[in-house]
Amino acid sequence: MKLNKPYDCVTFNLQRAARNLSRGLDEVFRSLDMTAQQFSTLAQLKNRGDLSMTDLSEHLGTERTTLTRNIDVLLAKDLIIRVMTDDQRLRVYTLSEAGRDIYKAALPGWKAWQKAIVNRIGKSEAAALVKLARKL
């Protein structure tokens with residue numbers, strides 16, 4: 001592959017793949033009234049603990065404005081809570097009890113989806129893709 005045609009664009013093809021994967025994972029979480037992005041946010045908080053908006057944005061690779069909208073939805077659903085700090089300008093979030101429960105309920109669907117993708121492309125290819133994505 002020469003990668004000199006617009007349809008061979010690395011960015012385009014990665015974005016297209018990401019959209020397709022996200023749509024599939026959104027479908028997995030539909031019965032929980034949750035999206036893939038919301039699950040990713042809950043997963044970061046579950047596995048990293050309390051996070052500021054800046055740290056959460058960095059870990060998710062999401063623009064702060066997009067993250068603010070997602071945080072508002074999670075707050076409205078009572079899946080996360082804001083942690084009060086000495087600096088009122090700092091916004092720090094943690095999982096609520098309901099957030100822990102829905103995260104736990106979502107894990108089997110996520111695991112099945114992950115397994116399906118790994119089976120589709122192969123374990124070594126999946127590992128290489130994750131490694132490559134982390135470089136980018």
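Everything below is about the structure shown above.
Here's what I pulled together on the structure shown here. (Residues numbered from 1 in each chain as written. Predicted model: local features only at pLDDT ≥ 70, side-chain atom pairs only at ≥ 80, totals over all residues. Heavy atoms only, no water.)

A closer look at the overall build of the protein chain
Let me state the cut-off plainly: Each helix corresponds to a stretch of at least 4 residues labelled H or I by DSSP, and each strand to a stretch of at least 2 residues labelled E; elements are numbered beginning at the N terminus. Throughout this description, buried means an accessible area under 20% of the type-specific maximum (1.4 Å probe, protein chains only), exposed means over 50%, and partly exposed covers the range between. Contact definition: two residues touch when any of their heavy atoms are within 4.5 Å. Values of accessible area rely on a 1.4 Å probe in the Shrake-Rupley scheme; residue burial ignores everything except the protein chains shown. His is not counted here, nor are the chain ends, while Lys and Arg score as positive and Asp and Glu score as negative. Charge coordinates come from a single atom per side chain, which is NZ of Lys, CZ of Arg, CG of Asp or CD of Glu.
For the protein chain, the helix and strand inventory stands at six helices and three strands. Secondary structure elements of the protein chain, listed N to C terminal, follow the sequence α-α-β-α-α-β-β-α-α. Along the first, second and third principal axes, the C-alpha set of the protein chain runs to 55 × 30 × 20 Å. Residues counted as buried form 28% of the 136 residues belonging to the protein chain. Sequence-distant contacts in the protein chain: of pairs separated by 6 or more residues, those separated by 24 or more amount to 46%. Only carbon and sulfur atoms are counted for the fraction: they give 53% of the accessible area of the protein chain, which is about 9,600 Å². Across the protein chain, the mean location of the 23 positive side-chain charges is 9 Å away from that of the 15 negative side-chain charges.

Describing the packing of aromatic side chains
Put simply, the test is: Centre distance within 6.5 Å is the pairing criterion for rings of Phe, Tyr and Trp, where only the six-membered ring of Trp is used; planes under 30 degrees apart are then read as stacked, over 60 as edge-to-face, and the remainder as tilted.
Within the structure shown, the criterion is met by three aromatic pairs. With a centroid separation of 5.5 Å and 10 degrees between ring planes, the pair formed by Phe39 and Tyr103 is classed as stacked. You can see Phe39 sitting in helix H2 (residues 36-48) and its partner Tyr103 sitting in helix H5 (residues 97-121), a full 64 residues away along the chain. Assessed through its relative accessible area of 9%, Tyr103 is described here as buried. With a centroid separation of 6.5 Å and 25 degrees between ring planes, the pair formed by Phe39 and Trp110 is classed as stacked. Highlighted residues: Phe39 in helix H2 and Trp110 in helix H5, separated in sequence by 71 residues. Ring-pair connections join several aromatic residues into one group, and the members of that group are Phe29, Phe39, Tyr103 and Trp110.

A look at H2
Applicable threshold: Take the number of residues in a helix, subtract one, and multiply by 1.5 Å to get its expected span.
Here H2 spans 18 Å end to end across 13 residues, near enough to the 18 Å set by a 1.5 Å rise per residue. Looking only at H2, the buried set comprises Ala36, Gln38, Phe39, Thr41, Leu42, Ala43, Gln44 and Leu45. In the stretch just after H2, Gly49 is the one whose phi turns positive, near 85 degrees.

A word on the sheet that holds strand S1 (residues 51-52)
As a reminder, the rule being used: Two strands qualify as a pair provided DSSP detects at least 2 bridges between them.
The three strands lie next to each other as S1-S3-S2, forming an open sheet whose pairing is antiparallel. Strand pairing shows two members of the sheet lacking a second neighbour, S1 and strand S2 (80-83), which therefore form its edges. Where S2 meets strand S3 (residues 92-95), four bridges bridge the pair, whose relative direction is antiparallel. What sits directly across from Val83, in S3, is Val92.

Just geometry here; none of it tells us what the structure is for.
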